[in-house]
Amino acid sequence: MSISIVLFFDDGILCSDSYDSCYKQSIVVKTDLLRAHILPNAEKSDWIPKTCVTWLGYDWDFKHGSVSVASERISKFFRKLYLFRNCTPVLSPKIIAGIVGSLVSMSLVLGDKALFYCRFLQEMVNARNRENWPWNRFLDLSNLPNFSNAQEEVEFLLENFEELNCKNFRENLPEHRLQVFGDASDCKVGGYLTDGDVKYPFSKPLPDELLYMSSTVRELYGIKLALELFAEQLVRKPVLYITDSQCAEIVLRKGSSKIHVHKIAAEILNFCRSRAIVLTVAWVPRNFNALADFYSKYQDFDDWCFTNQFFQKICKISGWKFNRDCFASAENAKCKNFYSRFADFGTSGINALNFSWKDDIVWVVPPPRLAVRALIHCLQSKCKGAFIVPKWTGQGYWTLLQLVIFNRGILRCVEFLGKKYIIPGKSGNKVFKDFKGVISVFIFDYSV
């Protein structure tokens, strides 16, 4: 007879697939113990099969296939949390260490989150080691860095432990229709969201303060940025984020002993929790993340825009209030409504040429390579606005502007020296950086 049993020196448990089989096996084990002259404790031993049992401080529910922390342990744990709350900020290191130890001991149910949700508390314990404080001395810890974060961890556990206190024997992973592939280079973060067969790319420069930080910090920033960019599409949905950074995946699972790193991970989970986003982070080798790597290094050499002073000047000349910037980003948009090349904060859509501009008064400053298509789109959309390009008479858009079908809708053309008004992109385009030519502004109306 094969018996599935876990046996310690003074404790054990067995299970089987039916009541009768389990009962027979329990009698066999009991009989074998007695024959070996080992007398089981009658008060603590239970030889009758049950689907629910408390063992080793956990409630095992074999009917529903789950395990949770036993109520007695939870009560002790909550007493420690309330003691922390009531005594704050005057606490002893022993009180804080007791919370950390209790939480980590529940890893069977909480998994890696047991470590994640006590990183700031552990930092308080580490401060005791650095300062050589006695374990039982009560100290005012309010001046310690991250003490407020430790308080937030305690409050989170008090409010959410009941929700965390259950683990299924077999985890049913959600189907991730929405997947985000992301990567971080030494100067940008980029990637794309997939929703079915549609891809929504993003590519944003790193803040200056992160340029010299570790690759893990940059990757975590990229995850946070992607979630914020696509927040409206991700809210209340399961999301799979795919990265080629093993460190980022581990930090979001377990947290980090490096507090500045852990803070970013905590911000990511708080963001997801506030929007009911069920986030799963998975690691893949770099060669399976090539497109995200491309967007994280992408340099747009056609990127350019104009100063606000120039924009106001054209508004006065035209007498119009432009309501749509067709080729912009959150950083340089001249209108509240704008289209962008990549996913961006506040954008009306990705790739202006995919949308009709009808009924809009458009501000059109296209990359030179898209100027022809942009001019044709103005005509097809029957809109009005300003079409602004370098005065390069050999380019295709200049030839189009001479045709009657385009020329008849042009109300006015004004020209400026570009050097005073042009803001070059950040990708090092030397043409616009040192631009000394003339800018042509065509005020047009194709709506009639």
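Up top is the structure these notes are about.
Residues numbered from 1 in each chain as written. Predicted model: local features only at pLDDT ≥ 70, side-chain atom pairs only at ≥ 80, totals over all residues. Heavy atoms only, no water.

With that settled, the discussion passes to the environment of isoleucine 99. In this structure, isoleucine 99 sits in helix α3 (residues 93-104). With 23 residues separating them along the chain, isoleucine 99 and lysine 76 place their C-alpha atoms 9.8 Å apart. (Helix = DSSP H or I, 4+ residues; strand = E, 2+ residues; numbered from the N terminus.)

Turning next to the packing of helix α6 (residues 119-131) against helix α7 (residues 147-164). Where α6 contacts α7, the axes come no closer than 7 Å and their chain directions differ by 130°. One finds that α6 runs oblique with respect to α7. For α6 against α7, the interelement crossing comes out left-handed. Contacts from Arg119, Phe120, Leu121 and Met124 of α6 reach α7 at Phe147, Asn149, Ala150, Glu153 and Val154. Class assignment of the residues belonging to the contact of α6 with α7 gives a composition of six nonpolar, one polar and two charged. (Axes fitted to C-alpha atoms, helices over the stretch in contact; angles between N-to-C directions. Parallel < 35°, antiparallel > 145°, perpendicular 65-115°, else oblique. Left-handed = near helix turned anticlockwise from the far one by under 90°. Contact = heavy atoms within 4.5 Å. Nonpolar A, V, L, I, M, F, W, Y, C, P; charged D, E, K, R; others polar.)

Here the focus is the pairing of strand β5 (residues 66-69). Taking every second residue as pointing to the same face, both faces of β5 are buried, with Ser66 and Ser68 on one and Val67 and Val69 on the other. Bridge count between strand β4 (residues 58-61) and β5: four bridges; the pairing is antiparallel. Residue pairing in the sheet places tryptophan 60 in a bridge with valine 67 of β5. Linkage of β4 to β5, two consecutive antiparallel strands, is achieved through a turn of four residues, within which glycine 65 is found at a positive phi near 70°. In this structure, β5 lies alongside strand β8 (residues 167-168), joined through two bridges in antiparallel fashion. Within β8, the position partnered with serine 66 by the bridge is asparagine 168. (Buried < 20%, exposed > 50% of the residue type's maximum accessible area, 1.4 Å probe, protein only. Pairing = 2+ DSSP bridges.)

What follows deals with the state of the cysteines. Taken as a whole, this structure holds zero disulfides when the rule is applied. Left without a disulfide partner, cysteine 413 is nearest to the cysteine sulfur of cysteine 378, which lies 14 Å away. (Disulfide = S-S within 2.5 Å.)

Mapping aspartate 445 onto the fold places it in strand β22 (residues 438-445). Classification of aspartate 445 as buried rests on a relative accessible area of 17%. Between the alpha carbons of aspartate 445 and glycine 385 there is a distance of 6.5 Å; along the sequence they are 60 residues apart. Excluding residues within four positions of it along the chain, aspartate 445 makes contact with Trp320, Cys383, Lys384, Gly409 and Leu411.

Shape is all these values report; function is a separate question.
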